[in-house]
Amino acid sequence: MQNQGFFVWPDAPEKDLYSVCVHCGFCLEVCPTYQQLGNENESPRGRVYLIKAVGQGIMPLDQAVIDPVFNCLDCRACETVCPSGVKVGTLIEEARGQALYAQPKTGAAKLTHEFFLHGVFPSPRKLGVARKLLRFYQRSGLQRALRNSGALRLLPKHLREMEAVLPKVSAQSARTALSVEVQEPVVQAKATVGLFTGCVMDVLFSEINLATARVAQRNQLRVKVPKEQICCGALQVHAGDREQARKMARRNIDVFLEAEVDYIVINAAGCGAAMKEYPELFNDDPEYFAKAQKFAQKVRDIAEVLIEVGFDPPKARLKRTVTYHDACHLAHAQQIRSQPRELLRAIEGIHLIEMKDSDRCCGSAGIYNLTHKEMALQLRERKIADLPREAEAVAMGNPGCMLQIKAGIQAGQLDMEVVHTIELLDEAYRLEREEA
Ligand code: SF4
Ligand code: SF4
């Protein structure tokens with residue numbers, strides 16, 4: 001890996017990636033931050049130019065570069081339209097890695113970073129403690145008392161809105177609840193899948209993991225849930241902490257390759273994209289680069305794998321008008337657009353209506369809605385304005401988007417359910433069983 005210009009640390013943005021930008025500007029109009037700010041430096045072309053200037057030693061790696069690099073949502077909308085195939089997301093992530101070396105975190109920022117990104121997220125045990133604390137908060141009466149007393153008004157508005165839409169936390173993670181490591185389908189298996197259960201997904205949305213396992217089994221997939229898996233490391237990659245991300249990627253690569261599955265199945269867009277991109281973390285490690293490639297070839301979103309192996313349309317009817325939000329890391333990072341829609345259309349009674357700019361970022365973007373609350377709020381409001389008002393539910397394939405859009409729906413006082421695509425399919429199969 002070449003280090004160049006003012007990028008003097010390992011894992012620098014690659015010249016081959018930024019030098020292919022032809023400055024055409026096709027990416028400008030689809031970039032959410034450029035749309036909101038109208039500032040070239042806050043556009044994909046501007047960011048690529050700044051990264052290139054640092055790589056060529058024309059500009060130092062200072063705040064003038066670091067701010068636009070961190071203001072990026074990493075939504076990849078620019079990659080979808082770029083005629084030169086510039087991998088803007090990879091460049092941004094690598095540049096953030098350099099920024100972390102150039103300006104190491106100190107004080108409270110360092111403590112927060114290490115507590116969450118090195119401590120809680122990589123540790124299933126600590127995530128289990130977080131689950132218990134959240135569940136205690138929700139079930140002990142503490143949540144009700146704090147809400148009634150008005151004490152939550154002391155929280156910043158964006159955190160208050162997030163608290164208001166926290167799902168009810170289940171007693172067990174899906175990783176634990178699916179205690180039999182192999183879930184056999186009723187009829188002969190078409191393939192074996194390893195279910196990736198995730199971190200936030202399995203704390204806040206373990207029901208969706210369970211629904212994913214049921215839908216996979218219903219469609220003749222043998223489901224394995226390797227117990228030693230951990231968080232995918234996407235948040236660490238987005239934060240520029242590539243060393244920590246590599247540690248986590250190595251663990252998941254070893255665990256899932258050892259499980260000997262045909263596919264590694266994921267129901268969270270951000271995790272799926274990060275895991276398909278694991279090889280990018282190992283450019284300087286030939287052994288793990290080869291393993292990461294083998295691993296990445298097996299990674300599929302649940303909607304993707306169901307279409308690939310073939311699925312049974314549910315025999316029950318589910319009458320509902322539904323719109324679909326394209327999570328950036330499904331639509332732009334993985335080019336998965338038609339498969340979730342195909343699943344929804346296969347459910348008899350579902351009337352699918354498209355929303356305007358369904359693939360424009362909702363502002364969630366990992367922890368962007370916590371670190372860049374103004375921009376995240378503006379994008380959330382645009383997303384809520386684009387929801388067709390006749391829809392009874394909005395479906396999507398990413399937990400972060402679910403929380404962000406749910407908060408927006410609640411703030412806008414709309415009567416619309418927020419669901420994961422797989423939940424609707426699971427509900428239709430449940431009705432099918434009940435009607436049989
Ligand atoms: S569309 Fe691609 S080639 Fe054109 S300016 Fe944007 S990043 Fe560069
Ligand atoms: S990833 Fe998204 S926010 Fe970042 S430059 Fe590309 S379009 Fe803009």
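Source: prediction; values computed, not measured. Counting restarts for each chain, with residues numbered from 1 along the sequence as it is written. As a convention, the first chain written is A and the first ligand written is 1, with the rest following in written order. Selection of residues for local features in this predicted model requires a pLDDT of at least 70, selection of side-chain atom pairs for listing and counting requires 80 or more, and totals for whole chains, interfaces and linings are taken over all residues. Excluding hydrogens and water, the side-chain figures rest on all heavy atoms present in the structure.

S.K.: What is the right way to read the domain arrangement of the chain from this model?
M.R.: Reports often express the size of an interface as the amount of accessible area lost when the parts come together. Domain borders in the structure are assigned automatically or taken from a domain database. Segmenting the chain into domains produces domain 1 (15-102) and domain 2 (311-435). Computed from C-alpha atoms alone, the centre-to-centre distance between domain 1 and domain 2 is 28 Å. Any two residues whose heavy atoms approach within 4.5 Å at even a single point are treated as in contact. Each partner contributes to the interface: domain 1 provides 14 residues, whereas domain 2 provides 15 residues. Both sides of the domain 1 and domain 2 interface together cover about 1,200 Å² of buried area, and 60% of this is carbon and sulfur. The largest per-residue losses of area from domain 1 upon contact with domain 2 belong to Gln36, Leu73 and Cys75, which jointly make up 43% of the total buried on that side. By definition, a salt bridge exists where a carboxyl oxygen of Asp or Glu is found within 4 Å of a side-chain nitrogen of Lys or Arg. In this structure, the connection of domain 1 to domain 2 is made through 0 salt bridges. In protein, a polar contact means a hydrogen-donor-capable atom and an acceptor-capable atom, both N or O and within 3.5 Å, with residues adjacent in sequence counting only if both atoms are side-chain atoms; elsewhere, any N or O pair within 3.5 Å suffices. At the surface where domain 1 touches domain 2, the tally comes to 8 residue pairs in polar contact (both at pLDDT 80 or more). Elements with a minimum of two residues in the side of domain 1 that touches domain 2: α2 (32-37), α4 (63-71) and α5 (77-81). Accessible surface is computed with a 1.4 Å probe, and the buried area is the amount of it that two parts give up when combined, taken over both parts together. For helices the rule is a DSSP run of H or I covering at least 4 residues; for strands it is a run of E covering at least 2, with both sets numbered from the N terminus onward.

S.K.: Help me understand the site of ligand 2, please; the structure alone is not making it clear to me.
M.R.: In this text, near means that some heavy atom of the residue lies within 4 Å of the molecule or strand in question. Around ligand 2, the structure places Cys31, Pro32, Thr33, Pro44, Arg47, Cys72, Leu73, Asp74, Cys75, Arg76, Ala77 and Cys78. Those elements giving two or more residues to the shell around ligand 2 turn out to be α2, α3 (44-55) and α5. Counted by class, the shell around ligand 2 contains 8 nonpolar, 1 polar and 3 charged residues. The residue classification treats Ala, Val, Leu, Ile, Met, Phe, Trp, Tyr, Cys and Pro as nonpolar and Asp, Glu, Lys and Arg as charged. All others, Gly included, are polar.

S.K.: Honestly, the site of ligand 1 in this entry has me stumped. Any pointers?
M.R.: Lining the immediate environment of ligand 1, one finds Cys21, Val22, His23, Cys24, Gly25, Cys27, Arg45, Cys82, Pro83, Ser84 and Val86. Of the residues contributing to the shell around ligand 1, the split by class is 7 nonpolar, 3 polar and 1 charged.

S.K.: Just to check I follow, could you spell out the pattern of salt bridges for this structure?
M.R.: Enumeration over the complete set of coordinates arrives at 34 salt bridges. Here Arg218 ties to Glu432 by a salt bridge, and the two come within 2.9 Å at their closest N and O atoms. Of this pair, Arg218 sits in helix α13 (residues 206-218) while Glu432 sits in helix α24 (residues 421-435), placing them 214 residues apart in sequence. Overall, the relative accessible area of 13% leaves Glu432 in the buried class. Linking Arg320 and Glu417 is a salt bridge whose minimum nitrogen-to-oxygen distance equals 3.6 Å. Of the two residues, Arg320 sits in strand β6 (residues 320-324) while Glu417 sits in strand β9 (residues 417-420), which places them 97 residues apart along the sequence. Categorising residues by exposure relies on relative accessible area from a 1.4 Å probe, with only protein chains included: less than 20% of the type maximum marks a residue as buried, more than 50% marks it as exposed, and the intermediate range marks it as partly exposed.

S.K.: Teacher, can you tell me more about the sheet that holds β9 here?
M.R.: Sheets are built from strands paired through backbone hydrogen bonds, the pairs being either parallel or antiparallel. Strand pairing is assigned whenever DSSP detects at least two bridges linking the two strands. Read from one edge of the open sheet, 4 strands run β7-β6-β8-β9, paired in parallel fashion. Among the strands making up the open sheet, the edge pair consists of β7 (350-353) and β9. On average, adjacent strands in this sheet sit at an angle of 35 degrees to one another, irrespective of strand direction. Relative to β9, strand β8 (residues 393-396) runs parallel, the two sharing 4 bridges. Note on β9: the bridge partner recorded for Met396 is His420. Axes here mean lines fitted to C-alpha atoms, for a helix over just the part in contact, with angles spanning 0 to 180 degrees between N-to-C directions. Sitting on the sheet, helix α20 (residues 338-345) touches β6, β7 and β8, and the angle it makes with β7 is about 150 degrees. In this fold helix α23 (residues 399-411) packs onto β8 and β9, with an angle of close to 175 degrees to the strand it touches most, β9.

S.K.: Teacher, can you tell me more about helix α18 (residues 302-309) here?
M.R.: Owing to its 3.6 residues per turn, the α-helix brings residues three or four apart onto one side. Of all the positions in α18, only Ile302, Ala303, Glu304, Val305 and Leu306 are classed as buried. Two or three places before Ala303, at the start of α18, stands the capping residue Asp301, its side-chain oxygen 3.0 Å from that residue's backbone nitrogen. Positive backbone phi, approximately 95 degrees, marks Gly310, located one or two places after α18.

S.K.: What is the right way to read the pairing of β6 from this model?
M.R.: Regular strands place side chains that alternate from one sheet face to the opposite one. For β6, the buried fraction is high: 5 of the 5 residues fall into the buried class. On β6, burial covers both faces: Arg320, Val322 and Tyr324 on one face and Thr321 and Thr323 on the other are all buried. Pairing of β6 with β7 involves 4 bridges; the strand directions are parallel. Bridge pairing in β7 places Thr323 opposite Ile353.

S.K.: Mind showing me how you'd approach the packing of α13 against α24 here?
M.R.: Packed helices, taken two at a time, are described by the angle between their axes plus the distance between the axes. Close contact between α13 and α24 brings their axes to 9 Å; oriented N to C, the two are set at 60 degrees. One finds that α13 runs oblique with respect to α24. Crossing angle aside, the handedness with which α13 passes α24 is left-handed. Contacts from Ile208, Ala211, Thr212, Arg214, Val215 and Arg218 of α13 reach α24 at Ile422, Glu423, Leu425, Asp426, Tyr429 and Glu432. Note on terminology: angles under 35 degrees are roughly parallel, angles over 145 are roughly antiparallel, angles of 65 to 115 are roughly perpendicular, and the others are oblique. By definition, turning the near helix anticlockwise from the far helix through less than a right angle yields a left-handed crossing, and turning it clockwise yields a right-handed one.

S.K.: Honestly, unusual backbone geometry in this entry has me stumped. Any pointers?
M.R.: Only a minority of non-glycine residues have a phi that is not negative, and only a minority of peptide bonds are not trans. Positive phi is not limited to glycine here, since Gln335 has a value of about 55 degrees. Looking at the element boundaries, Gln335 is found in the loop between α19 (328-331) and α20.

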